[in-house]
Amino acid sequence: MRITSALIPLAAAILLLANPSSAADRIPECIVPAKPGGGMDLTCKLTQQGLQAGMAKKDDASQLRISYLPGGIGAVAWSSIVSQRRSAPDTLVVYSGGSLLNLAQGKFGKASPADVRWVAAVGTDYGMVAVRADSPYKTLRELLDALQSQPAKITIGAGGTVGSQDWLKMRILSKQRGIDPKTLRLVAFEGGGEAFTALLAGHVQAVSGDTSEATEHAAAGRIRVLAVLSDARLAGPLAHVPTAREQGFDVTWPIIRGVYMGPDVPEADYRRWVKTFDRMMERPEFDRLRAAHGLHPFAMTGDLLSDYVRRTVDAYGKQAKEFGLVR
């Protein structure tokens, strides 16, 4: 039988309709459980670029596509994976330290770290507090002094509602300054991207967020980062920013970032992705990409990561009970 060249596209289309998952579904997906522009988005983009870097031959993993599924500060994406994509072999979902905090507080329902498969942690981030570049507040102490004397005049943007990591950062800082946390005016946003948009538009006067989210805005001169919540000053664009400790506030807040998969993903596919991330993070190109995205070295995969996540969620749970945040 001879098939003319004009019929080949038609035949391909018929085959695609007959088996629609054979094309698009082969391309791995990285789900951002927030709106574009924040640290979750950054994690997918870093992974996408890291998989592409240094590959002479582009395999399926290097074609990672990014999609967005905001809602409930990660709860909607979590629910989607554990209920609808439990065994999807090429679907990754971003998580952060904030996700683990929400998990510990019961914000993902009756969920536990054992309900998904933890693939990789690709870097660590740190908390920070920022204002617009034209703000009258030049230091963290000046902002906290103003919050103490005129709390009604300052609104703070945060990713997440009461109990989120951005909320807790400000609660701990304000407590050390002698401020009643109940007087703080925090506005909840669906991720850091929205919070910084509100800051730049003048809808809030400060943002409690993460350094990776702030780096680009700070480099462009749009914001002023008042403090980083790290043990020591950070390298890179925020090297000039003092830590909270330097300013008299003993607060640090590291945030890991990475990806997980559905609980019923076949063992072979899970191990394939673990090895893929191991290879990716061993390359010098990835170190440079991670730094360019405002993240700092932290690489962990597979069983070691699963144990780390379990211990971290347990620790967050104890902290949440102290603040009366556990549902």
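Okay, so let's go over this structure. This one's a predicted model, so the numbers in the text were calculated from it and none came from an experiment.

Evaluated as defined, the whole model comprises one disulfide. Note that Cys30 is cross-linked by a disulfide to Cys44, the S-S spacing being 1.9 Å. Where Cys30 bonds to Cys44 through sulfur, the torsion about that S-S bond is close to -90°, and the disulfide is left-handed. A residue pair is termed long-range when its members are at least 10 positions apart, and Cys30 in strand β1 (residues 29-32) and Cys44 in helix α2 (residues 39-52) qualify at 14 residues.

Let us now look at the pairing of β1. In β1, alternate side chains face the same way, and those of Glu29 and Ile31 on one face and Cys30 and Val32 on the other are all buried. Alignment of β1 against strand β2 (residues 65-68), held across four bridges, turns out to be parallel. Bridge assignment links Ile31 to a residue of β2, and that residue is Ser67. Bridge count for β1 against strand β3 (residues 91-96) is three bridges, and the pairing is parallel. Pairing of Glu29 across the sheet is with Thr91, part of β3.

The next thing to look at is the nonpolar core. Trp78, Trp118, Leu140, Leu147 and Leu173 are the most contacted members of the largest nonpolar core, which has 52 residues in total. Residues within four places of Trp118 in sequence aside, it is in contact with Trp78, Tyr95, Leu100, Leu103, Pro113, Val259, Tyr260, Tyr270, Gly302, Leu305, Ser306 and Val309.

Attention now goes to the environment of Glu285. Along the chain, Glu285 turns up in helix α10 (residues 284-292). Distance in space between the C-alpha atoms of Glu285 and Gln49 is 9.8 Å, their sequence separation being 236 residues.

So, on to the packing of helix α9 (residues 267-282) against helix α11 (residues 302-322). α11 packs onto α9 with a crossing angle of 90° between their chain directions and a minimal axis gap of 10 Å. By the angle between their directions, the pair α9 and α11 is classed as roughly perpendicular. Residues Tyr270, Arg271 and Val274 of α9 pack against Gly302, Asp303 and Ser306 of α11. When grouped by side-chain class, the residues that make up the contact of α9 with α11 number two nonpolar, two polar and two charged.

Considering the arrangement of structural elements, one finds His217 in helix α8 (residues 211-219). Every residue in contact with His217, bar those within four places of it in the chain, is listed here: Phe196, Leu200, Arg222 and Ile223.

Before going further, it helps to examine the side chain of Ser80. Looking at the element boundaries, Ser80 is found in helix α3 (residues 75-84). When its relative accessible area of 10% is taken as the criterion, Ser80 is described as buried. Dropping the residues within four chain positions of it, Ser80 is found in contact with Leu69 and Arg85.

Criteria and thresholds
- Residues numbered from 1 in each chain as written.
- Predicted model: local features only at pLDDT ≥ 70, side-chain atom pairs only at ≥ 80, totals over all residues.
- Heavy atoms only, no water.
- Disulfide = S-S within 2.5 Å.
- Helix = DSSP H or I, 4+ residues; strand = E, 2+ residues; numbered from the N terminus.
- Buried < 20%, exposed > 50% of the residue type's maximum accessible area, 1.4 Å probe, protein only.
- Pairing = 2+ DSSP bridges.
- Core = buried A, V, L, I, M, F, W, Y, C linked by side-chain atoms within 4.5 Å.
- Contact = heavy atoms within 4.5 Å.
- Axes fitted to C-alpha atoms, helices over the stretch in contact; angles between N-to-C directions.
- Parallel < 35°, antiparallel > 145°, perpendicular 65-115°, else oblique.
- Nonpolar A, V, L, I, M, F, W, Y, C, P; charged D, E, K, R; others polar.

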